[in-house]
Amino acid sequence: MAGQTVLTRLIDRLHAAKDRLLASPGFMRFATAFPLTRPVARRRAGALFDLCAGFVYSQVLLAFVRLRAAEVLAEGPRTVAELAPRLGLPADGAARLLRAAAALDLAAERGGGRYGLGPLGAPLLGNPGIAAMVEHHVLLYADLADPVALLRQRRTDTGLAGYWAYAGAERPAEALAGDVDPYTALMAATQPLVAAEVLDAWPVHKHRRLLDVGGGDGSFLRATGQRAPGLELVLFDLPAVAARAQERFESEGLGGRARAEGGDFHTDALPGGADLVTLVRVLHDHDDGDVLALLKAVRRAIHPTGTLLVAEPMAGSRGRGARAMGDAYFGFYLLAMGRGRPRTPAELSTLLVAAGFQPPRPVRTRTPLLASLLAARPDRA
């Protein structure tokens with residue numbers, strides 16, 4: 001133990017020396033001039049500037065989405081003079097937006113002063129959930145205007161706390177349709193991307209009955225139903241949300257094998273008998289005590305040989321952009337929301353075991369940035 005402490009102190013001193021060196025103006029001048037270190041120095045300088053300018057980039061994206069620029073550019077390359085009236089902007093405003101959008105790969109310069117759709121603008125066409133999240137972030141921008149104040153005292157009067165009607169409600173089950181419609185629509189718009197990650201990673205067709213807890217308007221279950229035609233589908237969410245889901249099931253011809261039950265999973269028993277239970281982007285919205293109570297409710301409801309799948313962005317995730325999404329984005333988003341936090345797989349494992357499950361196993365997903373996946377079986381002890 002003593003040797004380990006000495007080694008730890010030595011490593012800490014080496015890191016401190018490295019940090020002092022990297023912070024030195026003289027070393028920075030050397031690093032940008034020396035051929036072997038120049039690429040790294042420039043890349044890190046660019047990354048730091050991107051952090052400083054990130055808010056401006058996000059506002060360029062917001063303008064691009066609000067003006068439906070992706071749809072306009074998808075019609076074919078045009079000059080600024082041709083695009084300006086289509087975007088509803090004066091020529092100088094259109095030129096400024098298009099240059100900025102091209103710098104961020106939302107648009108692309110096609111030659112002859114023309115602009116077309118860029119590699120990051122194209123996905124906006126096929127994924128309306130991305131545009132929905134961009135619009136939704138207006139609330140988050142306002143809530144993070146003073147991030148230090150938010151860090152010092154968790155608040156319940158933020159825009160996000162008001163948006164997510166269940167976040168601070170004493171009796172969430174009493175929420176009316178008007179209270180839940182905005183966030184239900186947002187979840188429905190963004191769910192397809194996450195649903196694809198889960199369904200590509202787990203063989204849902206091998207199960208008999210699936211219970212999706214906190215399933216919103218049923219977007220995940222409808223996608224699941226397409227993958228597994230013989231699977232019975234059960235949704236549990238707040239009564240007003242479940243009513244929306246049942247309407248969607250009926251309108252899409254799933255009423256014979258899909259049903260939605262309303263209730264509050266903090267206080268009401270979950271429907272029993274499912275051999276597969278899913279919690280898709282649910283746990284990170286809640287504090288530890290509520291998460292443990294929910295997991296215990298799932299343990300009571302799940303079939304003894306069933307499987308629980310937990311799917312959400314997790315803290316400490318590996319993969320390009322996944323850690324920033326879990327620790328930075330959701331860390332501050334949930335702070336502004338007023339409850340919940342991103343958790344590491346190890347932290348979720350501790351809660352699952354405490355609730356009566358075996359230690360979960362990670363299931364590889366294609367894009368951890370969107371969702372990581374844990375599978376847990378009930379502990380038979």
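Cut-off values and rules
Residues numbered from 1 in each chain as written. Predicted model: local features only at pLDDT ≥ 70, side-chain atom pairs only at ≥ 80, totals over all residues. Heavy atoms only, no water. 1 Å grid on protein atoms, 1.4 Å probe; cavity = no way out; pocket = protein on both sides within 12 Å on 5 of 7 lines; lining within 4 Å. Points joined across faces, edges and corners; volume = space filled by probe spheres on them. Nonpolar A, V, L, I, M, F, W, Y, C, P; charged D, E, K, R; others polar. Axes fitted to C-alpha atoms, helices over the stretch in contact; angles between N-to-C directions. Helix = DSSP H or I, 4+ residues; strand = E, 2+ residues; numbered from the N terminus. Parallel < 35°, antiparallel > 145°, perpendicular 65-115°, else oblique. Left-handed = near helix turned anticlockwise from the far one by under 90°. Contact = heavy atoms within 4.5 Å. Salt bridge = Lys/Arg side-chain N within 4 Å of Asp/Glu carboxyl O. Buried < 20%, exposed > 50% of the residue type's maximum accessible area, 1.4 Å probe, protein only. Core = buried A, V, L, I, M, F, W, Y, C linked by side-chain atoms within 4.5 Å.

1. Some remarks on the layout of surface pockets
Consideration 1: Within this model, the second largest pocket holds a volume of roughly 360 Å³.
Consideration 2: Arg-318, Pro-345, Pro-362, Val-363 and Ser-372 are the residues nearest the centre of the second largest pocket, which is lined by 17 residues in total.
Consideration 3: Of the residues contributing to the lining of the second largest pocket, the split by class is 8 nonpolar, 6 polar and 3 charged.

2. Observations regarding the packing of helix α8 (residues 128-143) against helix α15 (residues 322-337)
Consideration 1: Running from amino to carboxyl end, α8 crosses α15 at an angle of 65°, the nearest separation of the two axes being 10 Å. Between α8 and α15, the angle is such that the two are roughly perpendicular. When you trace α8 past α15, the crossing you get is left-handed. For the pair α8 and α15, the contacting residues are Met-133, His-136, His-137, Leu-140 and Asp-143 in the first and Tyr-329, Tyr-333 and Ala-336 in the second.
Consideration 2: Across the contact of α8 with α15, the residue classes tally to 5 nonpolar, 2 polar and 1 charged.

3. Examining unusual backbone geometry
Consideration 1: Positioned with a positive phi, Asp-105 is a non-glycine residue whose angle comes to about 65°.
Consideration 2: Along the chain, the position of Asp-105 falls in the loop between α6 (91-103) and β2 (107-111).
Consideration 3: Of note, the phi angle at Arg-281 is positive, near 55°, even though the residue is not glycine.
Consideration 4: Tracing the backbone shows Arg-281 in the loop between β7 (276-280) and α14 (288-301).

4. Describing the pattern of salt bridges
Consideration 1: Across all of its chains, the model carries 18 salt bridges by this definition.
Consideration 2: Between Glu-71 and Arg-68 there is a salt bridge whose closest N-O contact spans 3.3 Å.
Consideration 3: Exposure remark for Glu-71: the relative accessible area of 33% places this residue in the partly exposed category.
Consideration 4: By relative accessible area, which is 52% here, Arg-68 ends up exposed.
Consideration 5: Salt-bridge contacts for Glu-252 lead to Arg-248; the nearest nitrogen and oxygen are separated by 3.1 Å.
Consideration 6: According to the relative accessible area criterion, Arg-248 is partly exposed, its value standing at 32%.

5. Structural notes on the environment of Arg-299
Consideration 1: As for its position among the elements, Arg-299 is in helix α14.
Consideration 2: Placed 27 residues apart in sequence, Arg-299 and Gly-272 show a C-alpha to C-alpha distance of 9.8 Å.
Consideration 3: Apart from the residues lying within four places of it in its own chain, the contact partners of Arg-299 are Ala-355, Gly-356, Phe-357, Pro-378 and Asp-379.

6. Things to note about the nonpolar core
Inside soluble globular proteins, nonpolar side chains tend to come together where they are buried.
Consideration 1: Membership of the largest hydrophobic core comes to 28 residues, with the highest contact counts inside it found for Leu-270, Leu-279, Leu-294, Leu-295 and Leu-308.
Consideration 2: Elements with a contribution of two residues or more to this core: β4 (209-213), β5 (232-237), β7, α14, β8 (307-312), α16 (345-354) and β10 (372-376).
Consideration 3: Looking at which element gives the most residues to this core, the answer is α14, with 6 residues.
Consideration 4: Beyond its immediate sequence surroundings of up to four residues, Leu-279 is in contact with Val-213, Leu-294, Leu-295, Leu-308, Leu-309, Val-310 and Ala-311.
Consideration 5: Judged by nonpolar contacts, the second largest core, of 27 residues, contains Val-198, Ala-228, Val-280 and Leu-373.

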